Amino acid sequence: MKLTKSMLLLLVLILSLGTALVACSNETSETSDEQEGTGEKVDGGSVTFSMFSAPNGVFNPVLYEDAYEANVFEFIFEGLVKLDKNLGFEPNLARDWYYEDDHQTLVMVLREDVQWHDGEPFTAEDVKYTYDVMAHPDYTGVRSYFVEGMVGYEAFNSGEVDEFEGVEIVDDHHIKFHFNEPNVMALRDASFDIIPKHIYGQYDVADLATAPETLDFDKLIGTGPFKATSDYTAGQYYTLERHEQYWQGAPNLDSVVWTVVNQDVAAGMLDSGDIDVITTPQGVRASDYDQVAGIDGVTVHETPDLGYQHLGFKLHHRTEEDVENNVHDPDNWIPNEKLQSLELRQAIMYAIDRQGIVEGLLDGHGEVINAPFPPASWAYDDTVVNEYPHDQERAQELLASAGYEDVTGDGYLEDPNGEELVLRLDYPTGDRVREMSAPIIQEHLEAVGLNIDLRSPREAGSHFEAIRTDEEGMDLYLSGWGLATTDPDPKGIWDITASYNYTRWNDEHSQQLLDDAVTAPEAFDEEYRKEKYREWAAYVNEQVPMAFLYTSNAIFAYNSNIEGVVEGPDHIYRDIHKWYLVE
């Protein structure tokens, strides 16, 4: 079957958090509330944000794939609803909503006072257009999961019909989302950033990826509090200026700047005032925590991260033809015979000293993770999983029981057929902890007899492109999921045909549990969903389709002369139009 790519890297997935989160500050109380000071307010001014890798240059919400691009347009585009600091939905471009047909239809009431940056009015036509693009047969992005559950998606996406029935315009300020069945995640599906029809609608959907309004930062048009400017250098810095006609009122700041800096020097630049904010993705490096916390005039906010790091296993590869045609059909997948052994995968979990990585590379600012939910999620339950403590003897026992032995006497194990076994390990640049952990993982795996071909690191964009396209010869890879916050449903990564199922794990029992967890009417009962996710997490933990490593704490920092900051569990730039500087 032909599917569009499903779901974000770093991106943007789907975890709703309901537990208490830690907030640490060297100048503020331990809260997640808006920080207010007593200094004299400055009129205007600019704030500089840092990020540690250059965007790839796809500045279109329906097409981008990495968090660095999202940073650049974070204050430009908006959705109908947004998350508050407690990660519940609140009105945004939609001022209200209600359900019809037993939760199969969601009606959004749009604001009437919103203008695009070029002065054109925002209407239901823009909402309809955005969702039509994601459902279109020629759509090449990774956000089709927002529309796949809507009425008429398959017929429209296959080209059988010319109109997408899932999103219906009632009038300029009322729009309906029609789902095939009662949808427990309707608000999440209706929360996507809206793009202007009058700008992008002039192009065929197939041509959006090469449109100037996608590639050229200064051509971006949104509804958000800041506008793109011509003051930018691609891959280095991007300046956004105040949108005077912003529907919530003109921002206090004149401008904000996103600048690309080396993570090694970020703490020093914060100290010198060359940057003002270190936030998502990655935030302050754990090894820099003491330095940053000791800077006069800097506030630090630490909270459990919403994602996790893992050692991925390429269990299958797609064919070249399927990669070229963007097809995710498990019937065509080619098994990676090196990694089909359950004992081998479990042995890898035991072999890696994950706690040592947390203590040595994260300075304790994180914790080992054994399942695909981070500890802050309401779906997390550590009582149902094997903790896989560091135990090299247990790893060797598992390998021996599965028939792996050193036939040639060179210190490395051959596979059960007596053939040489070499596992290739790929990893990216850009995240220093990840870079430093790669040779450590190699050392730990070779200590139990596994021959690891540690490749030279690649720039992050090239690395993740190789994973996405199932590069021939890839076995193991380091990656991380920066999960979004709207619901714990992990199907965007783990559904068999999901584009982001990068391991290409094809397991019917896993799929059934995931489907059950979101199937109405039972799924409207949170306790039912918790139980299904417990079952699923335990099964994934047992089958080890990837080696879960750790979740690091997110550490954010900002100059204390910035007021109006809302310290949340996901980031610190909520309601940035309210930020202001003090002397």
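Keep in mind the model is a prediction, meaning the values are calculated, not measured.

(A) Inspection of the overall build of the protein at higher detail. When you go through the protein residue by residue, the secondary structure sums to 17 helices and 22 strands. On the principal axes, the C-alpha backbone points of the protein span a range of 75 × 60 × 45 Å. Residues counted as buried form 58% of the 583 residues belonging to the protein. Of all intrachain contacts in the protein linking residues separated by at least 6 positions in sequence, the fraction that spans at least 24 positions is 71%.

(B) View of the pairing of strand β18 (residues 451-454). In terms of strand pairing, strand β17 (residues 422-426) meets β18 through 4 bridges, oriented parallel. In the sheet register, V422 faces β18, and the bridge partner there is N451. Note that the unit made of β17, helix α13 (residues 432-446) and β18 has a crossover that is right-handed.

(C) Representation of the pattern of salt bridges. The tally for this structure, following the rule as stated, stands at 35 salt bridges. Of the charged contacts in the structure, one is a salt bridge between D495 and K491, with a shortest N-O distance of 3.7 Å. Both residues of the pair, D495 and K491, belong to the buried class. Salt-bridge contacts for E526 lead to K530; the nearest nitrogen and oxygen are separated by 3.7 Å. You can see E526 and its partner K530 sitting in helix α17 (residues 526-543), 4 residues apart, about one turn around the helix. For E526, a relative accessible area of 41% puts it in the partly exposed group. The class of K530 is buried, set by a relative accessible area of 19%. Here the salt bridges do not stand alone but share partners, grouping D264, R285, D288, R432 and E435 into one network.

(D) Structural view of the side chain of D288. With respect to the element layout, D288 can be found in the loop between β11 (277-278) and α8 (289-293). Not counting chain neighbours up to four residues away, the residues in contact with D288 comprise Q263 and A267.

(E) Highlighting the environment of L421. For L421, the location among the structural elements is in the loop between α12 (392-401) and β17. Along the primary structure L421 and T123 are separated by 298 residues, whereas in three dimensions their C-alpha atoms are 59 Å apart.

(F) Seen up close, the sheet that holds strand β7 (residues 174-178). Sheet architecture is open: 4 strands sit in the order β4-β5-β7-β6, paired in antiparallel fashion. Of all the strands in the sheet, just β4 (94-100) and β6 (167-171) have a single pairing partner and so form its edges. On average, each strand axis in the sheet is tilted by 20 degrees relative to the strand beside it, whichever way the strands run. Two strands pair when backbone bridges link them, and β6 and β7 are joined in this way by 4 bridges, in the antiparallel orientation. Its bridge partner being in β7, D171 is matched across the sheet by H174.

(G) Structural detail: the environment of G364. Secondary-structure assignment places G364 in the loop between α11 (354-361) and β16 (366-368). You can call G364 partly exposed: its relative accessible area is 44%. Separated by 188 residues in sequence, G364 and S552 place their C-alpha atoms 8.6 Å apart. Here G364 is in contact with V358 and E359, once residues within four sequence places are set aside.

(H) Quick look at the packing of helix α10 (residues 342-351) against α12. Axis separation between α10 and α12 bottoms out at 8 Å; the angle between their running directions is 170 degrees. Relative to α12, the element α10 lies roughly antiparallel. Between α10 and α12, the contacting residues are E343, L344, Q346, A347, Y350 and A351 on the first element and Q392, R394, A395, L398, L399 and S401 on the second. A breakdown of the residues in the contact of α10 with α12 according to their chemical character gives 7 nonpolar, 3 polar and 2 charged.

(I) Inspection of unusual backbone geometry at higher detail. A520 connects to P521 through a cis peptide bond whose omega is 5 degrees. Following the sequence through the fold, P521 ends up in the loop between α16 (508-516) and α17. Despite not being glycine, D470 has its phi angle at roughly 55 degrees, a positive value. The residue D470 is located in the loop between α14 (460-468) and β19 (476-481) in this model. Positive phi, normally seen in glycine, also occurs at D575, with a value near 55 degrees. Take D575: it is sitting in the loop between β21 (562-563) and β22 (580-581).

(J) Summary view of the pairing of β4. Bridging between β4 and strand β5 (residues 105-110) involves 6 bridges; their strand directions are antiparallel. Bridge assignment links Y99 to a residue of β5, and that residue is L106. Taken together, β4 and the strand that follows it, β5, pair antiparallel across an intervening segment of 4 residues, in which D101 is found at a positive phi of about 55 degrees.

(K) Expanded view of the packing of aromatic side chains. What the rule picks out here adds up to 33 aromatic pairs. Ring centres of W481 and Y502 lie 5.7 Å apart, and the angle between their planes is 25 degrees; on these two criteria the pair is classed as stacked. With W481 in strand β19 and Y502 in the loop between α15 (491-494) and α16, this pair connects stretches of sequence that are 21 residues apart. For W481, a relative accessible area of 3% corresponds to the buried category.

(L) Representation of helix α2 (residues 124-135) within the structure. Across its 12 residues, α2 extends 17 Å between first and last C-alpha, which sits within 8% of the 16 Å expected from 1.5 Å per residue. The buried count for α2 comes to 11 of 12 residues, which makes it a mostly enclosed element. Of the positions making up α2, those classed as buried are A124, D126, V127, K128, Y129, T130, Y131, D132, V133, M134 and A135. Residues of α2 that are buried sit in contact with β5, α3 (153-157), β6, β7, α4 (186-189) and α5 (197-200).

(M) How the structure looks around the environment of A293. One can find A293 in helix α8. Through-space distance from the C-alpha of A293 to that of P490 is 35 Å; in sequence the pair is 197 residues apart.

(N) Broad picture of a negative patch on the surface. Together, E320, E321, E324 and E472 give the surface a local cluster of negative charge. Tracing the sequence through the fold places E321 in helix α9 (residues 320-324). Judged by its relative accessible area of 56%, E321 is exposed.

(O) Structural context of α10. Counting buried positions over the 10 residues of α10 gives 8, a clear majority of the element. Of all the positions in α10, only L344, R345, Q346, A347, I348, M349, Y350 and A351 are classed as buried. Structurally, α10 contributes buried residues whose contacts are with β13 (308-313), α11, α12, α13, α17 and β20 (546-559).

Calculation criteria
Residues numbered from 1 in each chain as written. Predicted model: local features only at pLDDT ≥ 70, side-chain atom pairs only at ≥ 80, totals over all residues. Heavy atoms only, no water. Helix = DSSP H or I, 4+ residues; strand = E, 2+ residues; numbered from the N terminus. Buried < 20%, exposed > 50% of the residue type's maximum accessible area, 1.4 Å probe, protein only. Contact = heavy atoms within 4.5 Å. Pairing = 2+ DSSP bridges. Right-handed = clockwise from strand over helix to strand, strands pointing away. Salt bridge = Lys/Arg side-chain N within 4 Å of Asp/Glu carboxyl O. Axes fitted to C-alpha atoms, helices over the stretch in contact; angles between N-to-C directions. Parallel < 35°, antiparallel > 145°, perpendicular 65-115°, else oblique. Nonpolar A, V, L, I, M, F, W, Y, C, P; charged D, E, K, R; others polar. Phe/Tyr/Trp six-rings, centres within 6.5 Å; stacked < 30°, edge-to-face > 60°. Expected span 1.5 Å × (residues − 1). Patch = residues over 30% accessible without salt bridge, like charges linked within 9 Å, V, L, I, M, F, W, Y side chains within 5 Å. Areas by Shrake-Rupley, 256 points an atom, 1.4 Å probe, with all protein chains shown as cover. Lys, Arg positive; Asp, Glu negative; His and termini not counted. Charge placed at Lys NZ, Arg CZ, Asp CG, Glu CD.

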